[in-house]
Amino acid sequence: MAARLNLVVLGKQGAGKGTQCKRLAETYAIPHVSTGDILRAAVKAGSPLGREVASVMDSGALVSDELVIQLVDERFKEPDAKNGALLDGFPRTLAQAEALEALLGEDGIKLCINLDVPIELVTRRLSARRVCQECGAIYSDSDVEAISGTCANCGGDVIQRNDDKPDAIRKRLESYERDTEPLLAFYEKRGLLVTVDGAESPDDVTAAIKAVVAQRGLA
Ligand SMILES: [Zn+2]
């Protein structure tokens, strides 16, 4: 049996990570495992671990690395993950990456795909977002001209949220880059890091990733 295809996908907000994760999970028939999803699933299942997660989340605290690692461990043991899994949103820190390595051992992460997009480009993409204050419908700045600032669904005012203003976005992206650097170095050192130009079209990005997976004989 071929080794498991365990992938980690990293990318800042606006880098097209969601799209690529979905495509890769389909291509390689491995589950797309996002931390948010496994936390929600655990709470819903009401397992002992899930109840622990629920009480941490109810208290407003962050779920600890140990808890997340245990959940990832359980998730990796499920039947649909027998050929591997694609991790999205985890690991987020060096400590998590080390814990994950200890957990998976020999059959660990095979590739860490870094979707690299210049901060300037994503800032432009993300700051195009406009939101209806009433119903939350999402528009782009070019739509807003067409609807003259009024929501097509409900007639509410369509605005740019403070979070979506260029300065706020840039700050968020810069702190992401700072936090992710040690993680990139960790996978680089193990020869597992591949950086893909996320500014290319989604099809080109997918093709570039698939080429690396094939070249390395991973699938
Ligand atoms: Zn609306």
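Residues numbered from 1 in each chain as written. Predicted model: local features only at pLDDT ≥ 70, side-chain atom pairs only at ≥ 80, totals over all residues. Heavy atoms only, no water.

*Asks:* I would appreciate a short explanation of the pattern of salt bridges in the present structure.
*Replies:* Two side chains of opposite charge can pair, provided their charged atoms sit close to one another. Counted according to the given criterion, the structure contains 13 salt bridges. Linking E26 and K22 is a salt bridge whose minimum nitrogen-to-oxygen distance equals 3.9 Å. One end of the pair is E26 and the other is K22, both in helix α1 (residues 17–28) and four residues apart, which spans about a single turn. Each of the two residues, E26 as well as K22, counts as exposed. (Salt bridge = Lys/Arg side-chain N within 4 Å of Asp/Glu carboxyl O. Helix = DSSP H or I, 4+ residues; strand = E, 2+ residues; numbered from the N terminus. Buried < 20%, exposed > 50% of the residue type's maximum accessible area, 1.4 Å probe, protein only.)

*Asks:* Would you mind showing me how to read the side chain of Q20 here?
*Replies:* Turning to its location among the elements, Q20 is positioned in helix α1. In this structure Q20 comes out as buried when scored by relative accessible area, which is 3%. Once you skip the residues sitting within four places of it in the chain, Q20 turns out to touch L115, P202, V205, T206 and I209. (Contact = heavy atoms within 4.5 Å.)

*Asks:* Can you walk me through the coordination of the zinc ion in this structure?
*Replies:* For a metal bound by four donors in a tetrahedral arrangement, the ideal donor-metal-donor angle is 109.5 degrees, while six donors in an octahedral arrangement ideally sit at 90 or 180 degrees. Protein coordination of the zinc ion is provided by C132 (SG), C135 (SG), C151 (SG) and C154 (SG), with donor distances spanning 2.3 to 2.4 Å. Taken together, the four donor atoms coordinating the zinc ion span angles of 100 to 115° at the metal, a pattern that classifies the geometry as tetrahedral. Donor residues for the zinc ion sit on one chain with the sequence pattern C-x2-C-x15-C-x2-C. Of this pair, C132 sits in strand β5 (residues 129–132) while C154 sits in the loop between α7 (141–146) and β7 (158–159), and the two are 22 residues apart along the sequence. For C132, a relative accessible area of 3% puts it in the buried group. Take C154: its relative accessible area is 41%, and that puts it in the partly exposed class. (Donors = N, O, S within 2.8 Å, 3.2 Å for Na, K, Ca; no water. Tetrahedral: all angles 85-135°; square planar, octahedral: opposite > 155°, others 65-115°.)

*Asks:* Is there a simple way to think about the pairing of strand β1 (residues 5–11) in this case?
*Replies:* As a general feature of sheets, a regular strand has side chains that alternate between the two faces. β1 sits mainly inside the fold: seven of its seven residues count as buried. Here β1 shows two buried faces, one formed by L5, L7, V9 and G11 and the other by N6, V8 and L10. Where β1 lies against strand β3 (residues 84–88), five bridges are found, and the strand directions are parallel. The residue bridging N6 from the neighbouring strand is A85, located in β3. In this sheet, strand β4 (residues 111–116) lies alongside β1 in parallel orientation, the contact comprising five bridges. Of the residues in β4, the one forming a bridge with L10 is N114. (Pairing = 2+ DSSP bridges.)

*Asks:* Mind showing me how you'd approach the sheet that holds strand β6 (residues 138–140) here?
*Replies:* Within a sheet, adjacent strands bond to each other through the backbone by hydrogen bonds, running parallel or antiparallel. Pairing within the open sheet is antiparallel, and its three strands lie in the order β6-β5-β7. The open sheet has two edge strands, β6 and β7, and neither has a second partner.

*Asks:* When you look at the nonpolar core in this model, what are you seeing that I'm missing?
*Replies:* Soluble, globular proteins show a tendency: their nonpolar side chains are buried together. Grouped together as the largest cluster of nonpolar side chains are 29 residues, with contacts concentrated most on V72, L87, L100 and Y187. Looking at this core, the elements with two or more residues in it are β1, α2 (35–45), α3 (48–58), α4 (65–76), β3, α5 (94–104) and α8 (166–189). At six residues, α4 tops the list of elements feeding residues into this core. Not counting residues up to four positions away in its chain, the partners in contact with L100 are I69, V72, L87, F90, P91, I109 and Y187. Counting 24 residues, the second-largest nonpolar core is a separate cluster that includes L5, V9, C21 and V212. (Core = buried A, V, L, I, M, F, W, Y, C linked by side-chain atoms within 4.5 Å.)

*Asks:* Even after reading the chapter, I still don't get α5, so can you show me in this structure?
*Replies:* Given 3.6 residues per turn, any residue in an α-helix points the same way as the ones three and four places further on. Among the residues of α5, Q96, A97, L100 and L104 are the ones counted as buried. Take α5 and look down its axis: the buried residues cluster within an arc of 100°, on one side only. Looking at the buried residues of α5, the elements they touch are β1, α4, β3 and α8. Positive backbone phi, at 60°, marks G105, one or two positions downstream of α5. (Arc of directions from axis to C-beta.)

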